[in-house]
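# Summary of the model geometry
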Amino acid sequence: MPHRSNSFDILRICAALAVIFCHHYYISGREGPAWMNVGMIGGVAVMTFFTISGYLVTTSWLREPHVVKFCAKRLLRLWPGMMAAVVLNIYVFGVAFTDLPARSFLTHGQTLEYFKNLLLYRAYVNLPEVFSSNPLSNLMNGPLWTIPIETMCYAALAVAGLVGVFRYRWLASLVLVAYILLFIARYNADFTGTMMHWWEYPAYFACGALIALHRDRFLAHGAAITFGLIPVALFFWLTGLQHTSGLVVLPALLIFLGSCSSSFSGGVSRLGDPSYGSTSQAARSRRQCLPSRRAWTSMPAWGCRCCCPCCWAMRCGI
């Protein structure tokens, strides 16, 4: 399916906006409404990114199983946006919002360490003395913590492709299903009581990859498969296994919806995918627009209003 004829970018934009909305509660130190599970909304948004990524990245490998080209594409997906985030966060917003003199800030050990984000293997989210009057002082860009997980998923897929796992669809399917079952049995929050993101988000990536392996069959019967999984997911939900419920139905639902086409989705896709830039810059932008708790309380949508045009422009330009 041509990129412009699907709705994956629309789903990713919605997920990015959901992350922005949920994070503004944490950044402002406010509780969400009693009727709203803010953490769940943000978690589902990140699961959306990983599911779609697993599907599209695996499709890319199956289309062109060349490890060097694959790694180059993945690097071009992550690194330019990370470079833009690091440069802006240090030299523009860091200098503007730190309590330190500019020279002291730029030579501070924590500032120099921030450049290690460009290695994509570990997230460095703090800068010295920035936003010191805000509830989460020193935090410049929290959402960067998901980038190393994404990098790990890319690397795992490249290694699997390199050793020949994807030469046999049955073998690749077996490996992916084995990982998903391992996660459900040993690292699932329904049983452990704690969300282990380094295991959970790759499980959603694996679900997307599994659907990609059987893409033609899924596209032919996507509605039946998705709606057939809803009662199964509902059963798990009603028996108290909410995290398992989401893993059962959410990946299929996202790929089914993302595979649908519309004239609007084509227009959005021509602009590029702004979701990565939005999430990588949104935390900084929201904190920039949080001069005080009182100001935030009176205008809780400041972050969303100010960051989206800037982030859209940044993402479309890379």
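This text gives an overview of the structure that appears in the document.

### Observations concerning the overall build of the chain
- Helix and strand content of the chain: 15 helices and zero strands.
- Counting contacts in the chain only where the partners sit at least 6 residues apart, residues at least 24 apart contribute 72% of the total.
- Looking at the chain as shown, the accessible area adds up to about 15200 Å², and 67% of this sits on carbon and sulfur atoms.

### Quick look at the nonpolar core
- Of all hydrophobic cores here, the largest spans 61 residues; its most connected members are Phe50 and Tyr114.
- Broken down by secondary-structure element, the contributors of at least two residues to this core are α1 (8–28), α2 (38–63), α3 (67–97), α6 (147–162), α7 (169–187), α9 (197–213) and α11 (242–258).
- Ranked by residues supplied to this core, first place goes to α9 with 10 residues.
- Residues in contact with Tyr114, not counting those within four places in the same chain, are Val86, Asn89, Ile90, Tyr124, Val125, Asn126, Leu127, Met140, Asn141 and Leu144.

### What to know about the packing of α2 against α6
- It is the contact of α2 with α6, at a shortest axis distance of 11 Å, that shows an interaxial angle of 30°. Classified by the angle their axes make, α2 and α6 are roughly parallel. Here the hand of the crossing between α2 and α6 comes out right-handed. Only Ile149, Glu150, Cys153, Tyr154, Leu157, Gly161 and Leu162 of α6 make contact with α2, whose side of the interface consists of Phe50, Ser53, Val57, Thr58 and Trp61.
- Class assignment of the residues belonging to the contact of α2 with α6 gives a composition of eight nonpolar, three polar and one charged.

### Observations regarding α7
- The terminal C-alpha atoms of α7, which comprises 19 residues, lie 26 Å apart, in line with the 27 Å expected from a rise of 1.5 Å per residue.
- Inspection of α7 places Ala172, Ser173, Leu176, Ile180, Phe183 and Tyr187 among the buried residues, and these make up the whole buried set. The arc enclosing the buried residues of α7, seen along the axis, measures out at 130°, which places them on a common side. When the buried face of α7 is taken as reference, the exposed residues oriented beyond 90 degrees from it are Trp170, Leu174, Leu181, Ala185 and Arg186.
- Taken together, the buried residues of α7 touch α8 (189–192), α9 and α11.

### Comments concerning the packing of aromatic side chains
- Scanning the model with the defined rule gives 12 aromatic pairs in all.
- Considering the side-chain rings of Phe50 and Tyr201, the 5.3 Å spacing of their centres and the 15° angle between planes classify their relative orientation as stacked. Here Tyr201 lies in helix α9 and Phe50 lies in helix α2, a separation of 151 residues in the sequence.
- Using a relative accessible area of 2% as the deciding quantity, one classes Tyr201 as buried.
- Chaining the aromatic ring pairs together yields one cluster made of Phe50, Trp145 and Tyr201.
- In this structure, Arg74 is placed above the aromatic ring of Phe70, and the distance from its NZ or CZ to the ring centre is 5.0 Å.
- Just above the ring of Tyr154 sits the side chain of Arg74; from NZ or CZ to the centre is 5.7 Å.

Cut-offs applied
- Residues numbered from 1 in each chain as written.
- Predicted model: local features only at pLDDT ≥ 70, side-chain atom pairs only at ≥ 80, totals over all residues.
- Heavy atoms only, no water.
- Helix = DSSP H or I, 4+ residues; strand = E, 2+ residues; numbered from the N terminus.
- Contact = heavy atoms within 4.5 Å.
- Areas by Shrake-Rupley, 256 points an atom, 1.4 Å probe, with all protein chains shown as cover.
- Core = buried A, V, L, I, M, F, W, Y, C linked by side-chain atoms within 4.5 Å.
- Buried < 20%, exposed > 50% of the residue type's maximum accessible area, 1.4 Å probe, protein only.
- Axes fitted to C-alpha atoms, helices over the stretch in contact; angles between N-to-C directions.
- Parallel < 35°, antiparallel > 145°, perpendicular 65-115°, else oblique.
- Left-handed = near helix turned anticlockwise from the far one by under 90°.
- Nonpolar A, V, L, I, M, F, W, Y, C, P; charged D, E, K, R; others polar.
- Expected span 1.5 Å × (residues − 1).
- Arc of directions from axis to C-beta.
- Phe/Tyr/Trp six-rings, centres within 6.5 Å; stacked < 30°, edge-to-face > 60°.
- Lys NZ or Arg CZ within 6 Å of the ring centre and 35° of its normal.

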